[in-house]
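Summary of the model geometry
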Amino acid sequence: MTYPFCLLLAATLAVPTFAQTPPPAPADDAVPRLIQEREQLIREYEAASAQRNAFLANKPSKKDLQEVIDALKGIIRKDSEIVQALKAGELRRQASIVAEKQQAVQQATVAQTDQTSTKERFYDLENQIANLELRDKQRDKKLREAEAAVREAESTRTTPQLLAVGLALLSLGLLAYVLKLRGQLSGAARRGKRR
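A few points on the structure. (Residues numbered from 1 in each chain as written. Predicted model: local features only at pLDDT ≥ 70, side-chain atom pairs only at ≥ 80, totals over all residues. Heavy atoms only, no water.)

Structural notes on the overall build of the protein
Each helix and strand in the protein was counted, giving three helices and zero strands. A burial count over the protein gives 12% of its 195 residues as buried. Relative to all contacts within the protein whose residues are 6 or more apart in sequence, the contacts with residues 24 or more apart total 73%. When the accessible surface of the protein is totalled, it reaches about 15,900 Å², and 60% of it is carbon and sulfur. (Helix = DSSP H or I, 4+ residues; strand = E, 2+ residues; numbered from the N terminus. Buried < 20%, exposed > 50% of the residue type's maximum accessible area, 1.4 Å probe, protein only. Contact = heavy atoms within 4.5 Å. Areas by Shrake-Rupley, 256 points an atom, 1.4 Å probe, with all protein chains shown as cover.)

Structural notes on the pattern of salt bridges
Counted according to the given criterion, the structure contains seven salt bridges. Note that Glu-90 is salt-bridged to Arg-93, the shortest N-O span being 2.4 Å. Of the two residues, Glu-90 and Arg-93 are both situated in helix α3 (residues 62–194); the distance of three residues between them amounts to about one turn of the helix. Here the salt bridges share partners, and the residues they tie into one network are Arg-33, Glu-37, Lys-78 and Glu-81. (Salt bridge = Lys/Arg side-chain N within 4 Å of Asp/Glu carboxyl O.)

A word on the nonpolar core
With five residues, the main nonpolar core is built from Val-31, Leu-34, Ile-82, Ala-85 and Leu-86. Contributing elements (two or more residues each) for this core: α2 (30–50) and α3. With three residues, the single largest contributor to this core is α3. (Core = buried A, V, L, I, M, F, W, Y, C linked by side-chain atoms within 4.5 Å.)

Looking at a nonpolar patch on the surface
A surface patch of nonpolar side chains, amounting to about 500 Å² of accessible area, comprises Val-165, Leu-169, Leu-172, Leu-175 and Leu-179. Note that Leu-179 resides in helix α3. (Patch = residues over 30% accessible without salt bridge, like charges linked within 9 Å, V, L, I, M, F, W, Y side chains within 5 Å.)

Here is the structure:
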């Protein structure tokens, strides 16, 4: 009688798991207690089936047989309770696995979304850097063009200024020469009047 139950118990407990086994739930503590109660019922059954009535030529009496039947019914009820406890434990374990799987999928989705948004942000930053570099190059080009225009304007402005200074010096030189010639002419005219 105990042999088939042991096979059932062993088959139920030997279910392969692919995820981490969660810690046993408090209801799983009922299984060892139920198994101990079943063992007690088996001892009661063995004691009841061993009883013999001396008046019936060492055959069990109707009362003895009823005790055996009651003990067997108790064992069957206890087996049913154990099976129910094992099923409930398995359902809790499977629910826990499903919840962990959903959580893992959700975390993977969040991680993938984060990775995608990070990549998008990275590409946006790269584009901003490229735009800033382009603007910097354009600004440098405009600055070089402005510096060249300033140098050209300075060189253009310098030539007329030098020309004006040169003409002014020439004018001063001519003026000085004219004054000198006048001075000589007036000196010669005074000498000619005295003679």
